[in-house]
Amino acid sequence: MHRSKRFDLLAQRDINKETFVEPWPEAGLIVADSPYDPAPSLTMRDGLVQEMDGRPHEDFDALDRFIVSHALDLDIAPEAMALPAQDYARMLADINVPRATIARLVAGCTPAKLCEIMRHMSVLEMMMGLAKMRIRRRPANQAHVTNWREHPALLAADAAEAALRGFAEVETTVRVARSAPLCALAILVGTQTGRPGVLTQCSVEESLGLRLAMKGLTSYAETLSVYGTEQTFTDGDDSPWSKAFLASAYASRGVKIRFTSGTGSEALMGRAEQKSMLYLEARCLLLVKGAGSQGVQNGSISCIALPESLPGGVRAVLAENLLAAMLGLEVAAGNDALASHSSIRKTAKLMLQFIPGADFIFSGYSAIPKRDNLFGGGNFDAEDFDDYNVLQRDMQIDGGLRPIREDEALAVRKKAARAIQAVYAELGLPAISEVEVEAATVAHSSDDMPARDILPDLAAADNFLNGESDFVAVIRALQNTGFSDIADNILEMGRQRIASDYLQPSAIFDADFRVRSAINDANDYTGPGSGYRVGGQRWNDMQAIPQAQSPAGFVQPHLGSPISRLVELGAAAKGTQQEVVLALGPAFGRAMGFTIGGLAHDEVLKALLTGIAGEGGLARLVRVYHSSDCAAIGYVGARLSGSGIGIGLQSRGTAVIHQRDLAPLNNLELFPQSPSLSLETYEQIGRNAARYALGRSAQPVAVKIDNGARLRLIVKTALLHRRETDEVRPETPPQELRYDWEPAL
Amino acid sequence: MSQYPLREHAAEKLRAHSGRPLHEISAEAVAAGEISGADLRTHADTLRQQADIAQANGFPQLANNLLRAAELTDVPNDELLRIYDTLRPERANYSELLRLADYLEASYGARENAEFIREAAAVYRERNLLRRA
């Protein structure tokens, strides 16, 4: 408990639900530049490496050996290691140095050298670097689609919606490992319903993952985890050689693979060997490259909360993304696991990948609610879709998604649920009922689905995995049940597997099944006017959020027919009595009929006149034609008034009490918050104006403060003002008005 | 040098692992029950072409991976899974790994994979990654 009420409040904020810790290098709790990290070095004799990063060859562990044999370009290495780290940093931030120039040299850099380059770079410079070094020109995004019920119809529907929203890859995983084949099947059918060419994977144990791929149920895999210390690697039950073999095994079946690394895993597994997270990640990335993986998902991934607990953690995560891109790897940049309780913090962190762009800005945007996310909860999820689309629209940045309409979503969800229902029926899997299809069509989460008997599903999944049936059977099932378009899409996925174009770096498919990779869509960014630019149809799609309204719609409800009892008499003259002149804007009670708060102009006039009369005052009405400005209107009223007191009133309802001796932009009382003004307030404004006119004192009218009014209504305010300005007649003098109505006193 | 993407520029030359030409793999053929899983698997030659493309575009490690993959296209699924398991830490002793390499080379002409496994065997021996006992 704090004594300060402010500190007490701050303690309740989301940011203070996080864990923050001071660095402890001995435990690997340091994001970069551990005092135990080695200095970069590479000694070669007769083309063989004698020593790397301070470690002689005879002390090399298995990882060092793999890096030296497979990752480092030893022809480039002498030149690469001789170039000062700061020169690399400057080249990365310099738009005039193309990516290829840097990539050639980086091929000869040791892990410690890579870290030393990062030491010279600010977050802004790293973002410039990532924009340039990202290997695919166009950024994209990956979704996570799971649900805790492992309901096939819901999986298919959510996968279809994710595909429709623009995700280029969809990843699922399972609560019960045995359900993997049917979950992979549902995702496959769902994505190919939503948008042809979306790649899919099912994250499970390596051998099972390979079996799913062999059956054609998945088209990519990114479960191949690597670690930066030998002991962690062994604890993960792999070696660089077994992982590389697995990569080749996947490729032999035409399956795209991406390795997984990321800061913090070694510290989490207690085997960091006193090294910084970034140094160990640099080792990982060289292992990934050496194994021949086309890409990596890094950016700390599931360990993200660990670097974020430490100083510089978010910067280090960007550094690891950049290092991967520099090494020519496709980068799925993290942003997947729950990283923060604070929406300010999670969004700020996202910007480091969102603004420069990554091959995949998320290595798993949770396209489902948190509760259904079997990866452990997404940092951004289905509830953030609209926010994300608005971020793209705000910054004109392609974040890989597009806004969709509800009817489009419902249509693909229903079709996907029906298609998986049909496939289940044809393949003899446990039936999916009409009720389940209907529920999946409109569902947000598992909670909206009827319970399903999991045991028959698991038994069917076992049979499906062990039987002969594969994706050819799925294609036939779809053909037999009237889903030939989905069947064609899955068949084309098979043909693409034969062509294997999507095994090249950073490959995705567009909706016409054209492959887009670092080979045929290579990033060519060299500053303004180059690289990927958001424009044309893509920009139109990004702008078209369903929430955007037509500007005309803001004005229409406030138009009206002229008030018949308000009649113009001719040019207004200066009065001589102790009156209040009520000066109306050019559209008031004519072209427009209602204030921004929806009050009828007729009623507003009655309220003001009732107030004036209530204090025993006299009122006269004029219309100002030469200006739509509230102060100007009020000032005209004051100057025409025998008492020198006028009220200015715009059509949108903004009012001012003016006095002729004041400067035009000064006033006695101003009521700018027109949406908050009620008829009672207008009557009180009338009363106060009358008291000023009669030389009495007045308590300023109390007005409700609404901090959100401007935020909500600024567009409408601007458009209503513009409509009134349309009625301005610069040459027309103020007109005397007759208003055939008397207040009842 | 093959033109990338092969699906677009070399479709007439592409064939599946089964030998069936790509153009024969139609919806009608699937409906007629003529297509099997092997008809939707990649051919070693295709992977070698993709390796050339990767090499020519500055991705030599990926090219090597694709060359190893090409050698593995004829290895049956179960065997592939078994080899992977054998390569995991502490699964095999030194001579078992060498025998595995010889077998792959002799049975499938998998020279690159054989060399790769021999290299692993040497490192495993030095770094205590062989099966104990």
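Residues numbered from 1 in each chain as written. Chains lettered and ligands numbered in written order. Predicted model: local features only at pLDDT ≥ 70, side-chain atom pairs only at ≥ 80, totals over all residues. Heavy atoms only, no water.

A. Spatial organisation of the overall build of chain B. Looking only at helices and strands, chain B has 7 helices and 0 strands in total. Put simply, chain B runs from its N terminus to its C terminus through helices and strands in the order α-α-α-α-α-α-α. Relative to a compact globule of 133 residues, whose C-alpha radius of gyration would be 14 Å, chain B shows 18 Å and is clearly more extended. Principal axes of the C-alpha set define a box for chain B whose edges measure 55 × 40 × 20 Å. In chain B, the proportion of contacts linking residues at least 24 apart, taken out of those at least 6 apart, comes to 53%. Total accessible area on chain B stands at roughly 6,100 Å², and carbon and sulfur atoms take up 44% of it. Charge-centre separation for chain B: the mean point of 17 positive side chains lies 7 Å from the mean point of 21 negative side chains. (Helix = DSSP H or I, 4+ residues; strand = E, 2+ residues; numbered from the N terminus. Rg over C-alpha atoms; globule rule 2.2 N^0.38 Å. Contact = heavy atoms within 4.5 Å. Areas by Shrake-Rupley, 256 points an atom, 1.4 Å probe, with all protein chains shown as cover. Lys, Arg positive; Asp, Glu negative; His and termini not counted. Charge placed at Lys NZ, Arg CZ, Asp CG, Glu CD.)

B. Quick peek at the overall build of chain A. Regarding its fold elements, chain A presents 29 helices and 20 strands. Viewed in the frame of its principal axes, chain A has a C-alpha envelope of about 105 × 65 × 55 Å. For chain A, the proportion of its 745 residues judged to be buried stands at 62%. Within chain A, counting contacts between residues at least 6 apart in sequence, those at least 24 apart form 76% of the total. Element-wise, carbon and sulfur atoms account for 52% of the exposed surface of chain A, whose accessible area totals about 27,400 Å². With 74 positive and 90 negative side-chain charges, chain A shows a separation of 6 Å between the mean positions of the two kinds. (Buried < 20%, exposed > 50% of the residue type's maximum accessible area, 1.4 Å probe, protein only.)

C. Up close: the pattern of salt bridges. Within the structure shown, the criterion is met by 72 salt bridges over all chains. Here Arg 65 of chain A and Glu 126 of chain B are joined by a salt bridge, their closest N and O atoms 2.9 Å apart. Of this pair, Arg 65 of chain A sits in helix H2 (residues 62–71) while Glu 126 of chain B sits in helix H7 (residues 111–126), each in a different chain. Given the relative accessible area of 10%, Arg 65 of chain A is considered buried. (Salt bridge = Lys/Arg side-chain N within 4 Å of Asp/Glu carboxyl O.)

D. Quick look at the interface of chain A and chain B. Contact with chain A, which involves 65 residues of that partner, is made by 58 residues of chain B. Both sides of the chain A and chain B interface together cover about 5,200 Å² of buried area, and 61% of this is carbon and sulfur. The interface formed by chain A and chain B includes 33 residue pairs in polar contact (both at pLDDT 80 or more). Contributions of two or more residues to the side of chain A that touches chain B are made by H2, helix H10 (206–214), helix H11 (230–235), helix H12 (240–252), helix H14 (277–290), helix H22 (471–480) and helix H23 (484–499) of chain A. Counted by class, the side of chain A that touches chain B contains 25 nonpolar, 20 polar and 20 charged residues. (Buried area = accessible area lost by both parts, 1.4 Å probe. Polar contact = N/O pair within 3.5 Å; in protein donor to acceptor, adjacent residues only side chain to side chain. Nonpolar A, V, L, I, M, F, W, Y, C, P; charged D, E, K, R; others polar.)

E. Fine view of the nonpolar core. All names here are of chain A. Residues Ile 117, Met 118, Leu 185 and Met 326 are the most contacted members of the largest nonpolar core, which totals 223 residues. For Met 118, the contacting residues outside a window of four places in its chain are Leu 92, Met 126, Leu 278, Arg 315, Ala 319, Leu 322, Leu 323 and Met 326. By size, the runner-up hydrophobic cluster in this structure holds 29 residues, among which are Val 580, Ala 655, Tyr 682 and Tyr 739. (Core = buried A, V, L, I, M, F, W, Y, C linked by side-chain atoms within 4.5 Å.)

F. Local environment of the sheet that holds strand S3 (residues 55–56) of chain A. All names here are of chain A. The strand order across the open sheet built from 3 strands is S1-S2-S3, with neighbouring strands paired in antiparallel fashion. The sheet terminates laterally at strand S1 (42–45) and S3, the two strands that pair on one side only. Pairing between S1 and strand S2 (residues 48–52): 4 bridges, direction antiparallel. Paired with Thr 43 across the strands is Glu 51, a residue of S2. (Pairing = 2+ DSSP bridges.)

G. Representation of the sheet that holds strand S15 (residues 579–584) of chain A. Residue and element names in this part refer to chain A. Within the open sheet, the 7 strands sit side by side as S14-S20-S16-S15-S17-S18-S19. Their pairing is mixed. Single-partner strands in this sheet number two, and they are strand S14 (566–571) and strand S19 (669–671). Each strand of the sheet is rotated relative to its neighbour by a mean of 30°, with strand direction disregarded. The pairing of strand S16 (residues 618–623) with strand S20 (residues 735–739) spans 3 bridges and is antiparallel. Bridging across to S20, Leu 621 finds its partner in Leu 737. (Axes fitted to C-alpha atoms, helices over the stretch in contact; angles between N-to-C directions.)

H. Up close: the packing of aromatic side chains. For the structure on display, the rule yields 17 aromatic pairs over all chains. Relative to Phe 380 of chain A, the ring of Phe 362 of chain A has its centre 5.6 Å away and its plane inclined at 80°; by these criteria the two rings are edge-to-face. Residue Phe 362 of chain A is found in strand S11 (residues 360–366), and its partner Phe 380 of chain A is found in the loop between S11 and helix H18 (385–395); the two are separated by 18 residues along the sequence. We note that Phe 362 of chain A, like Phe 380 of chain A, is buried. Judged by centre distance (6.3 Å) and plane angle (40°), the rings of Tyr 365 of chain A and Phe 380 of chain A are tilted. Remark: Phe 380 of chain A occurs in the loop between S11 and H18 and Tyr 365 of chain A occurs in strand S11; sequence separation between them is 15 residues. Each member of the pair, Tyr 365 of chain A as well as Phe 380 of chain A, is classed as buried. Here a set of aromatic residues connected by ring pairs shows up, and it is made of Phe 167, Phe 354, Phe 362, Tyr 365, Phe 380, Phe 385 and Tyr 388 of chain A. The aromatic ring of Phe 385 of chain A is capped on one face by Arg 165 of chain A, whose charged end is 4.0 Å from the ring centroid. In this arrangement the basic side chain of Arg 125 of chain B is found over the ring face of Tyr 94 of chain B, its NZ or CZ atom lying 3.8 Å from the centre. (Phe/Tyr/Trp six-rings, centres within 6.5 Å; stacked < 30°, edge-to-face > 60°. Lys NZ or Arg CZ within 6 Å of the ring centre and 35° of its normal.)

I. Expanded view of the domain arrangement of chain A. You can read the domains of chain A as domain 1 (131–541) and domain 2 (555–739). Inter-centroid distance (C-alpha atoms) of domain 1 of chain A to domain 2 of chain A is 60 Å. (Domains from an automatic or database assignment.)

J. Here's a closer look at the side chain of Asp 521 of chain A. Residue and element names in this part refer to chain A. In this fold, Asp 521 is placed in the loop between strand S13 (515–516) and helix H24 (536–543). Despite its burial, Asp 521 remains without a salt bridge, the nearest opposite charge being carried by Arg 137 at 4.3 Å. Not counting the four nearest positions on each side in its chain, Asp 521 is found in contact with Ile 135, Arg 136, Arg 137, Arg 138 and Arg 516.

K. Region of the structure containing the state of the cysteines. All names here are of chain A. Counted according to the given criterion, the structure contains 0 disulfides over all chains. As a non-bridged cysteine, Cys 109 has Cys 115 as the owner of its nearest cysteine sulfur, 11 Å distant. Since its relative accessible area comes to 0%, Cys 109 is described here as buried. This cysteine, Cys 303, is not joined by any disulfide, and Cys 284 carries the nearest cysteine sulfur, 11 Å off. (Disulfide = S-S within 2.5 Å.)

L. Looking closely at the domain arrangement of chain B. Residues and elements named next belong to chain B. Domain boundaries assigned for chain B yield domain 1 (1–73) and domain 2 (75–133). Distance between the C-alpha centres of domain 1 and domain 2: 27 Å. Taken together, the contact pairs 4 residues of domain 1 with 9 residues of domain 2. Among the residues domain 1 hides against domain 2, the three largest losses belong to Arg 68, Glu 71 and Leu 72. Together they make up 85% of the total. Where domain 1 meets domain 2, there are 0 salt bridges. For the pair domain 1 and domain 2, the number of links is 5 residue pairs in polar contact (both at pLDDT 80 or more). Looking at the side of domain 1 that touches domain 2 residue by residue, the classes come out as 1 nonpolar, 1 polar and 2 charged.

M. Fine view of the environment of Gly 637 of chain A. All names here are of chain A. Structurally, Gly 637 can be placed in helix H27 (residues 630–640). Distance from Gly 637 to Gln 659, taken between C-alpha atoms, is 8.6 Å for residues 22 residues apart in sequence. Setting aside residues up to four positions removed in sequence, Gly 637 forms contacts with Val 581, Ala 583, Ile 645 and Gly 646.

N. Structural detail: H23 of chain A. Residues and elements named next belong to chain A. A rise of 1.5 Å per residue sets the reference length of H23, with its 16 residues, at 22 Å; its end C-alpha atoms lie 22 Å apart and thus fit the reference within 8%. With respect to burial, H23 is a largely interior element, 13 of its 16 residues being buried. Ser 500 sits one or two positions beyond H23 and adopts a positive phi of about 60°. (Expected span 1.5 Å × (residues − 1).)

O. Structural view of the environment of Ser 561 of chain A. All names here are of chain A. Along the chain, Ser 561 turns up in the loop between helix H25 (551–555) and S14. Residue classification places Ser 561 among the exposed residues on the basis of a relative accessible area of 60%. Through-space distance from the C-alpha of Ser 561 to that of Ala 591 is 6.9 Å; in sequence the pair is 30 residues apart.

P. Spatial organisation of the pairing of strand S6 (residues 199–203) of chain A. Residue and element names in this part refer to chain A. Most of S6 sits out of view: 5 of its 5 residues are buried. Because side chains alternate across S6, one face comprises the buried residues Leu 199, Gln 201 and Ser 203, and the other comprises Thr 200 and Cys 202, equally buried. Pairing analysis gives 5 bridges linking strand S5 (residues 169–173) to S6, with the strands arranged parallel. Opposite Val 170, over in S6, you have Thr 200 as the bridge partner. In the classification by handedness, the crossover that spans S5, the intervening helix H9 (residues 180–194) and the parallel S6 is right-handed. (Right-handed = clockwise from strand over helix to strand, strands pointing away.)

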